[in-house]
Amino acid sequence: MYNFNSQHVIITGGTRGIGAGLTEKFLQAGATVIATYAGNDEAAKIFKEKFSEYGSKLVLKKFNVANTSEVESFFNEYDKTYPSLEVLINNAGIRRDNIVASMAESDWDSVIDTNLKGTFNMTRFGVLAMMKNRYGRIVNMSSVGGKLGLPGQANYAASKAGQIALSLSVSKEVAKRNITINNVCPGFIETELLKDLPEEQVKEYKSQVPMKRFGKVEEVAHAVLFFSSKEASYITGATLDIAGGLNA
Ligand code: NAP
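Residues numbered from 1 in each chain as written. Predicted model: local features only at pLDDT ≥ 70, side-chain atom pairs only at ≥ 80, totals over all residues. Heavy atoms only, no water.

### Here we look at the packing of helix H1 (residues 17–28) against helix H8 (residues 217–228)
Right, so step 1: Between H1 and H8, the least distance of the axes is 9 Å, while the angle of their chain directions is 55 degrees. Classified by the interaxial angle, the pair formed by H1 and H8 is oblique. When you trace H1 past H8, the crossing you get is right-handed. Residues Gly17, Ile18, Gly21, Leu22, Lys25 and Phe26 of H1 lie in contact with H8, whose contacting residues are Val217, Glu218, Val220, Ala221, His222, Val224, Leu225 and Ser228.
Right, so step 2: Of the residues assigned to the contact of H1 with H8, the class counts are eight nonpolar, four polar and two charged. (Axes fitted to C-alpha atoms, helices over the stretch in contact; angles between N-to-C directions. Helix = DSSP H or I, 4+ residues; strand = E, 2+ residues; numbered from the N terminus. Parallel < 35°, antiparallel > 145°, perpendicular 65-115°, else oblique. Left-handed = near helix turned anticlockwise from the far one by under 90°. Contact = heavy atoms within 4.5 Å. Nonpolar A, V, L, I, M, F, W, Y, C, P; charged D, E, K, R; others polar.)

### Some remarks on the site of the ligand
Right, so step 1: Taken together, the neighbourhood of the ligand is formed by 29 residues, with Ile18, Gly39, Tyr156, Ile189 and Thr191 sitting nearest.
Right, so step 2: The side chain of lysine 160 places a nitrogen or oxygen atom 2.9 Å from an oxygen atom of the ligand.
Right, so step 3: Residue isoleucine 189 places a main-chain N or O atom 2.7 Å away from an oxygen atom belonging to the ligand.
Right, so step 4: Protein contacts shield 94% of the accessible area of the ligand, which totals 910 Å² for the unbound molecule.
Right, so step 5: For the shell around the ligand, the secondary-structure elements that each account for two or more residues are H1 and helix H6 (154–174).
Right, so step 6: Its residues assigned to classes, the shell around the ligand shows 14 nonpolar, 13 polar and two charged. (Near = heavy atom within 4 Å. Polar contact = N/O pair within 3.5 Å; in protein donor to acceptor, adjacent residues only side chain to side chain. Areas by Shrake-Rupley, 256 points an atom, 1.4 Å probe, with all protein chains shown as cover.)

### Describing the side chain of serine 84
Right, so step 1: Relative to the elements of secondary structure, serine 84 occurs in the loop between helix H3 (68–81) and strand E4 (87–90).
Right, so step 2: Judged by its relative accessible area of 13%, serine 84 is buried.
Right, so step 3: Among the polar contacts listed, one links the side chain of serine 84 to the side chain of glutamate 86, at a separation of 2.6 Å.
Right, so step 4: Here serine 84 is in contact with His8, Tyr78 and Asn133, once residues within four sequence places are set aside. (Buried < 20%, exposed > 50% of the residue type's maximum accessible area, 1.4 Å probe, protein only.)

### Considerations on the sheet that holds strand E5 (residues 136–141)
Right, so step 1: Read from one edge to the other, the open sheet built from seven strands follows the order E3-E2-E1-E4-E5-E6-E7, with strand pairing classed as parallel. Strand pairing shows two members of the sheet lacking a second neighbour, strand E3 (58–62) and strand E7 (239–242), which therefore form its edges. Averaged over all pairs of adjacent strands, the angle between their axes in this sheet comes to 20 degrees, without regard to strand direction.
Right, so step 2: Here five bridges tie strand E2 (residues 32–37) to E3, and the two strands are oriented parallel to one another. Counted as the bridge partner of tyrosine 37 is lysine 62 from E3.
Right, so step 3: Against the sheet, H6 contacts E4, E5, strand E6 (179–186) and E7, and its axis sits at roughly 160 degrees relative to E6. (Pairing = 2+ DSSP bridges.)

### Overview of the confidence of the model for the protein chain
Right, so step 1: Looking at the protein chain, the pLDDT average stands at 97 and 100% of residues meet or exceed 70.
Right, so step 2: Considering each helix and strand of the protein chain separately, the mean pLDDT is smallest for helix H7 (residues 199–208), with a value of 94, and largest for E4, with 99. (pLDDT = per-residue confidence, 0-100.)

### Some thoughts on the nonpolar core
Right, so step 1: If you look at the biggest cluster of nonpolar residues, it comprises 30 residues, and the most contacted ones within it are Phe26, Val33, Ile89 and Val224.
Right, so step 2: Among the secondary structure elements, those contributing two or more residues to this core are strand E1 (8–11), H1, E2, E4, E5 and H8.
Right, so step 3: Counting residues per element, this core draws most heavily on H8, which supplies seven residues.
Right, so step 4: The contact partners of valine 224, leaving out residues within four places of it in the chain, are Leu22, Phe26, Ile89, Val139, Met141 and Val184.
Right, so step 5: Counting 24 residues, the second largest nonpolar core, distinct from the first, contains Val71, Tyr78, Leu85 and Val170. (Core = buried A, V, L, I, M, F, W, Y, C linked by side-chain atoms within 4.5 Å.)

Spelled out as structure tokens, the structure:
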């Protein structure tokens, strides 16, 4: 549907779950994709083999988005390797659920660091790369949880709401340079991120969704490709729910 020929796309957390689905769709649309991950080498290897037909159009990089010097090194190497950066998808994310009274400080920190500081780190260097060509598309993988605030997710909800607030500021800073930044807010999507949920909770969550089912990765990917396309040229600072009616 979209044409990303000759475009370069960075997708954080691009080897599993929603990110893997995004990588696949961008490859099919002609992009060169740099898919990053944190530490699951096995999943990355299987993923790379599955898409070996794309050769050098699929590159995997391992680093922690929350670690500023690792992100800086990644972009230093990126700048030496590629002529431009057209699309950045801030998709890497984690959950560490607990009610606030029992939430360990380390669980607060790791979720905020990965989801929000990671988005800041990647956006900061990504914007610099995009400014050179006065063009860019950034999409944050936020969550309806950032607007609804599910119980047990104070850390996650704060990080996801923070991504939206960050995008509102950044959109105003970079609009003149043809760089847009938008958010998608998936509801419950079938990936490993939800694999630890007890069966009873899955039933309860599905009953809350007006469409009475969890979403599929492809259903998120289509919206992300739209925001990333040249055609979405007058949309910035926007947020789209992809949640089967579970909108905030
Ligand atoms: P997932 O299947 O658990 O995959 C997460 C990906 O992020 C993995 O590739 C992981 O790398 C990477 N990652 C995690 N921490 C990282 C870090 N510190 N640095 C770099 N990469 C890191 O998750 P998902 O369900 O696809 O979720 C993707 C995004 O969608 C997240 O931001 C999540 O909050 C959001 N979201 C998901 C849902 C849902 O229902 N699934 C709903 C709303 C929003 P490794 O493979 O190395 O671990």
